[in-house]
Amino acid sequence: MVALSSHSMFQMIQSPKHAQPGANKSHHTRLVTKDGHCNIEFGNIEYGNHFSFVLDFWTTFVEIRWRFVLLFFVASFTGSWFVFSLLWYWVAKSNGDLYGQNRTEEHVRCIDNVNGLTTAFLYSLETQTTIGYGGRALTGHCVGTVALIIVQSLVGVFINCFMCGVILAKISLPKKRAKTITFSSTAVICLKKGSLCLLIRVANLRKTLLIGSQIYGKLLRTTVMADGETIILDQVDIDFTVDAGKDNLFFVCPLTLYHVINRHSPFYELSVDNLPQQDFELVVFLDGTAESTSSSCQVRTSYVPQEIQWGYSFLPIISRTKMGKYRVDFSNFSRSVCVTTPHCAHCFETDVDQRNHNSQNNPDHNQSGKQGIDNRGFQVIDIQGTMDITKM
């Protein structure tokens, strides 16, 4: 049983039975997508600046798509084999080792069994991959061939090391670890420990921890200054915390992050009525170091006003089994239930100030155990029949 008032600041925020909060698709232009990618493009970059990507070739190769890495992998080996096959063909032709050339009985070959371009290509492949079938080999009578085989061997080692390094770096990128960190599909606004809060859930899908985890947020909005200047993507810091603090989190199970909506919060002027009409983007960041690889990673997601449910609270997901283990039910990870919630942050603080004033003037009133919604202006109803659970 809870107490409600039809004309005061508290109301039961409920959704129609035929619709779910957050079900409406938002056409808001996001800077950060739900999976953490930045939706931004650069235009009118000077041509000379593109040369910087060539100078920083290692980062360029690590960040390009896999299809281009595989294409460069095949092209680098095949191209080097073909280039050196032309050199071996030129050496053989210069020495008169090819078919059709006039050779005397005293002719000394530089390379055995290299009689054309095809056999020169096969010899180049065998040399660079250190196969060495034995049919084609240097005779040792030509100094140039010794120098050429040394150069080709060094080039082959360099290509092997570079490509193995690129592939290993792409496989072990920290953003791959970020794929196992997930945020709730929606955020909720409700009462938590006597304060109006915005709540978000985050979960680590691996049992290995993220060491030194830190969580923070940025509110992106368009701001018009007093002098008429319009600032697009104006960034405002949003502090998030959990019950254990906001730094060095013990991130072994899903955590519920909350931001207290008070006079210092940029959400202070919001209410259940004007929230859907707002134009902002809440970007949430989680930084940490992977325990298994010691690599730093960052996870990002964003929420637009249509993905924030006012008057809802997340369902519990952690329980303990009969075997003494803690169980996390991810089916309820983004599910929420309608709860009694203030209509706005301003009216909630006004009611709190009024109650504190009444408690000072009437000490007996403070001992009555009435809190917030318990006053004569509220009607007592049963919300069990009207509870609406939504699944995102």
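Anyway, here's the lowdown on the structure attached to this text. (Residues numbered from 1 in each chain as written. Predicted model: local features only at pLDDT ≥ 70, side-chain atom pairs only at ≥ 80, totals over all residues. Heavy atoms only, no water.)

A word on the nonpolar core
Judged by nonpolar contacts, the single largest core of 37 residues is most densely connected at L198, I200, V202, F240, F267, L282 and V284. It is strand β11 (residues 280-290) that contributes the most residues to this core, 5 residues altogether. Residues contacting L282, with those up to four places away along its chain left out, are L198, I200, K218, L219, I238, F240, F267, T301, S302 and Y303. Counting residues in hydrophobic clusters, the runner-up holds 12 residues, among them V91, L98, I111 and C142. (Core = buried A, V, L, I, M, F, W, Y, C linked by side-chain atoms within 4.5 Å. Buried < 20%, exposed > 50% of the residue type's maximum accessible area, 1.4 Å probe, protein only. Helix = DSSP H or I, 4+ residues; strand = E, 2+ residues; numbered from the N terminus. Contact = heavy atoms within 4.5 Å.)

Regarding the pattern of salt bridges
A full pass over the atoms with the stated rule returns 4 salt bridges. Its salt-bridge partner being E307, residue K34 comes within 3.5 Å of it at the nearest N-O pair. In this pair, K34 is assigned in the loop between β2 (10-12) and α1 (51-55) and E307 in the loop between β12 (296-303) and β13 (308-310), connecting sequence segments 273 residues apart. Here D237 ties to K218 by a salt bridge, and the two come within 2.3 Å at their closest N and O atoms. Note that D237 is positioned in strand β9 (residues 230-239) and K218 in strand β8 (residues 210-224), a separation of 19 residues in sequence. Here the residues in one salt-bridge network are R30, K34 and E307, joined through shared partners. (Salt bridge = Lys/Arg side-chain N within 4 Å of Asp/Glu carboxyl O.)

Here we look at a nonpolar patch on the surface
On the surface, a nonpolar cluster with roughly 290 Å² of combined accessible area is contributed by W66, L70 and I171. Assignment of secondary structure puts I171 in helix α5 (residues 143-171). (Patch = residues over 30% accessible without salt bridge, like charges linked within 9 Å, V, L, I, M, F, W, Y side chains within 5 Å. Areas by Shrake-Rupley, 256 points an atom, 1.4 Å probe, with all protein chains shown as cover.)

Some thoughts on the side chain of S76
Tracing the backbone shows S76 in helix α3 (residues 66-95). The exposure class assigned to S76 is buried, which follows from its relative accessible area of 14%.

Regarding the packing of α3 against helix α4 (residues 117-128)
Two elements in contact, α3 and α4, have axes separated by 8 Å at closest approach and are oriented at 125°. With respect to α4, the element α3 is oriented oblique. Along this stretch, α3 crosses α4, giving a crossing that reads as right-handed. Contacts from F77, S80, W81, F82, F84, S85, L86, W88 and Y89 of α3 reach α4 at L117, A120, F121, Y123, S124, L125 and Q128. (Axes fitted to C-alpha atoms, helices over the stretch in contact; angles between N-to-C directions. Parallel < 35°, antiparallel > 145°, perpendicular 65-115°, else oblique. Left-handed = near helix turned anticlockwise from the far one by under 90°.)

Observations concerning the pairing of strand β7 (residues 195-204)
Counting buried residues along β7, 9 of its 10 residues qualify, which places the element largely inside the surrounding structure. Where strand β5 (residues 181-183) meets β7, 3 bridges bridge the pair, whose relative direction is antiparallel. The partner of I181 across the bridge, within β7, is N204. Two strands pair when backbone bridges link them, and strand β6 (residues 187-192) and β7 are joined in this way by 5 bridges, in the antiparallel orientation. (Pairing = 2+ DSSP bridges.)

A look at the side chain of T301
Structurally, the position occupied by T301 is in strand β12. Judged by its relative accessible area of 2%, T301 falls in the buried class. Polar side-chain contacts of T301 include one of 3.0 Å to the backbone oxygen of K34. Setting aside residues up to four positions removed in sequence, T301 forms contacts with V32, T33, K34, F183, L282, V283 and V284. (Polar contact = N/O pair within 3.5 Å; in protein donor to acceptor, adjacent residues only side chain to side chain.)

Overview of the state of the cysteines
A covalent bond between the sulfur atoms of two cysteines is referred to as a disulfide. Per the stated rule, a full pass over the model turns up 1 disulfide. Put simply, C110 and C142 are joined by a disulfide, and their sulfur atoms are 1.7 Å apart. Torsion about the S-S bond of the C110 and C142 cystine: about -70°, corresponding to left-handed handedness. Here C142 lies in the loop between β4 (137-138) and α5 and C110 lies in the loop between α3 and β3 (111-112), a separation of 32 residues in the sequence. Grouping residues by exposure puts C110 and C142 together as buried. With no disulfide partner, C161 has as its closest neighbouring cysteine sulfur the one in C164, 7.0 Å distant. (Disulfide = S-S within 2.5 Å.)

What to know about the sheet that holds β11
In space, the 4 strands of this open sheet follow the order β9-β8-β11-β12, with antiparallel pairing throughout. The strands lining the two open edges of the sheet, one partner per strand, are β9 and β12. The sheet shows a mean angle of 25° between the axes of neighbouring strands, taken without regard to direction. Here β8 pairs with β9 via 8 bridges, running antiparallel. Bridge pairing in β9 links L220 to Q235.

Digging into α5
Owing to its 3.6 residues per turn, the α-helix aligns residues three or four sequence positions apart on the same side. If you check α5, its first and last C-alpha atoms are 43 Å apart, about what 29 residues at 1.5 Å a residue would give, namely 42 Å. Taken residue by residue, α5 has T145, L148, Q152, G156, I159, F162, M163, V166 and K170 as its buried positions. Turning to α5, the residues buried within the fold contact α2 (57-63), α3, β3, α4, β4 and α6 (174-178). (Expected span 1.5 Å × (residues − 1).)

What about the pairing of β6?
Examined bridge by bridge, β6 and β13 share 3 bridges and lie parallel to one another. Paired with A187 across the bridge in β13 is I308. Between β6 and the antiparallel strand that follows it, β7, lie 2 residues; K193 among them carries a positive phi value of about 55°.

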